[in-house]
Amino acid sequence: MRAAVLHGFGDLRMEDVPNPEPGPGEVVVDVACVQPSVTECMLIAGEPVAQHAHLATALGRGPVRFGGHEFCGVVAEVGPGTDGVAPGGRVTVVETVVCGRCAACRRHRPDACASPGFIGFTRPGAFAERVLVPAANVVAVPEGVSPAAAAAIQPLAGAIHAHALAAVQPGESVLVIGAGVMGLLAVRVARHGNAGAILVAGRSKAKLDLAARFGADLVLGADADVPALVAAATEGIGVDVVIETAGGAPSVGLAGAGTLDLAARCVRRGGRIVLVSVLPEGALAPLARLRERSVSLLHPRSGAGGYSPGGDAFTHALRLVARGDADVESLVTHRLKGVEEIPEAVRITADKPAHGAINPAQVYIESGARAWHC
Ligand SMILES: [Zn+2]
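What you are looking at is a predicted structure, and each value in this text was computed from that prediction instead of being measured. (Residues numbered from 1 in each chain as written. Predicted model: local features only at pLDDT ≥ 70, side-chain atom pairs only at ≥ 80, totals over all residues. Heavy atoms only, no water.)

With that out of the way, let us pick up the sheet that holds strand S13 (residues 218–221). Spatially, S13-S12-S11-S14-S15-S16 is the arrangement adopted by the six strands of the open sheet, whose pairing is parallel. Only two strands of the sheet have a single neighbouring strand rather than two, namely S13 and strand S16 (296–298). Each strand of the sheet is rotated relative to its neighbour by a mean of 20°, with strand direction disregarded. Against the sheet, helix H7 (residues 205–213) contacts strand S12 (198–202) and S13, and its axis sits at roughly 165° relative to S13. (Pairing = 2+ DSSP bridges. Helix = DSSP H or I, 4+ residues; strand = E, 2+ residues; numbered from the N terminus. Axes fitted to C-alpha atoms, helices over the stretch in contact; angles between N-to-C directions. Contact = heavy atoms within 4.5 Å.)

Another aspect to go through is the sheet that holds strand S2 (residues 11–16). The strand order S2-S1-S4 describes an open sheet built from three strands, whose pairing is antiparallel. Each edge of the sheet is formed by a strand with only one pairing partner; in this case those strands are S2 and strand S4 (64–65). Packing of helix H2 (residues 52–61) onto the sheet brings it into contact with strand S1 (2–8) and S4, and relative to S1 it is tilted by some 90°.

Right, let's get into the coordination of the zinc ion. Binding of the zinc ion to the protein goes through Cys99 (SG), Cys102 (SG), Cys105 (SG) and Cys113 (SG), at separations of 2.4 Å. Seen from the zinc ion, its four donor atoms lie at angles of 103 to 119°, and the figure they make is tetrahedral. Going along the chain, you hit the donors of the zinc ion in the pattern C-x2-C-x2-C-x7-C. Residue Cys99 is located in the loop between strand S7 (96–97) and helix H3 (103–106), and its partner Cys113 is located in the loop between H3 and strand S8 (117–118); the two are separated by 14 residues in the primary sequence. For Cys99, a relative accessible area of 15% gives the class buried. For Cys113, a relative accessible area of 10% puts it in the buried group. (Donors = N, O, S within 2.8 Å, 3.2 Å for Na, K, Ca; no water. Tetrahedral: all angles 85-135°; square planar, octahedral: opposite > 155°, others 65-115°. Buried < 20%, exposed > 50% of the residue type's maximum accessible area, 1.4 Å probe, protein only.)

So, about the pairing of S12. Burial of S12 is extensive: five of the five residues sit out of reach of the surface. Bridging between strand S11 (residues 174–177) and S12 involves four bridges; their strand directions are parallel. In the sheet register, Val174 faces S12, and the bridge partner there is Ile198. A crossover links S11 with its parallel partner S12, the connecting element being helix H6 (residues 181–192), and its sense is right-handed. Pairing between S12 and S13: four bridges, direction parallel. Looking across to S13, one finds that Ala201 is bridged to Leu220. (Right-handed = clockwise from strand over helix to strand, strands pointing away.)

So, about helix H12 (residues 342–349). Taken together, the buried positions of H12 are Ile342, Ala345, Val346, Ile348 and Thr349. The buried residues of H12 occupy an angular sector of 165° when the element is viewed end-on, so they sit on one face. (Arc of directions from axis to C-beta.)

Turning next to the side chain of Asn359. Positionally, Asn359 belongs in the loop between helix H13 (352–355) and strand S18 (362–364). On the basis of relative accessible area, Asn359 is assigned to the buried category, the value being 1%. Within the structure, Asn359 has its side chain in polar contact with the side chain of Gln35 (distance 2.7 Å). Leaving out residues up to four positions away in the same chain, Asn359 has contacts with Gln35, Ala152, Val181, Leu331, Val332, Thr333 and Lys352. (Polar contact = N/O pair within 3.5 Å; in protein donor to acceptor, adjacent residues only side chain to side chain.)

This is the structure:
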């Protein structure tokens, strides 16, 4: 089969590799649609984030299969001991693979697993025609969900998880910083989850217009005095909850490391900040202000070197899409056809603002897409 192989930072090539064979507890999925994540693009470029050290070590030994944890497909083959997963099933997959044997796993704390693996990072992923995954990681995709939406479901699962982590109460005000995919879906989840006033701060006029469509009450240009506007909208109190989604490496179009400071200036005393974005090691945090105002700083499960939101969040996200409550597919701006286009999808996703992309660029793979529609 054809698959992406990384020969060095910035050097991703499509090559022939052996077809995967399912062992006990494993299934092989024909990939129908896959999209690179921004984190994967940063890692391919050699940015020092997430699994960078692991990848650098692996590249030191030779070329590595890399990429592909946001995807969907059709189960092609199953190994022994894969009850509940059958060939022909439409599926997506949770990326974190826990060991199942360490002390934390035995004590039913898989999020503290001592040696987790990550599909597409520490083991081959779906930058390929077929991918081998544990049956335990498979999430069934319900009727009425397109391959485009199923492949793009992870940020919605992440938004659901972040909303639950903040324990948003009915009527509470929520500020979402960032109007990218993650921010827009956080708005949708807040609206669906009975938040009160929903405010969004972002840089792109087009995306702020989308935020209003996704349920925001008030959109704020990031170049305005956001804390003053938030204060004005909340009787001077500040918002109950901030969901921060904009920070990260400017080299991939993200807003740098100042977004946590902005969040701290917008949240009320005793409020909560969920830091969804991945800031660099050593980024400055306004700890004195957070402490003085008794603000809770919450870190969601993140994937890509953390433990991803569980299958329940994925299943609920797919349910929202199937019901028409979250239009994930409307955010897909770039659709490419054929497995050979994976490096091009990476190139586009690595600089979404320059390409006018909202969702990462998606790649449809003929054999899997055909099986999906059978
Ligand atoms: Zn474990």
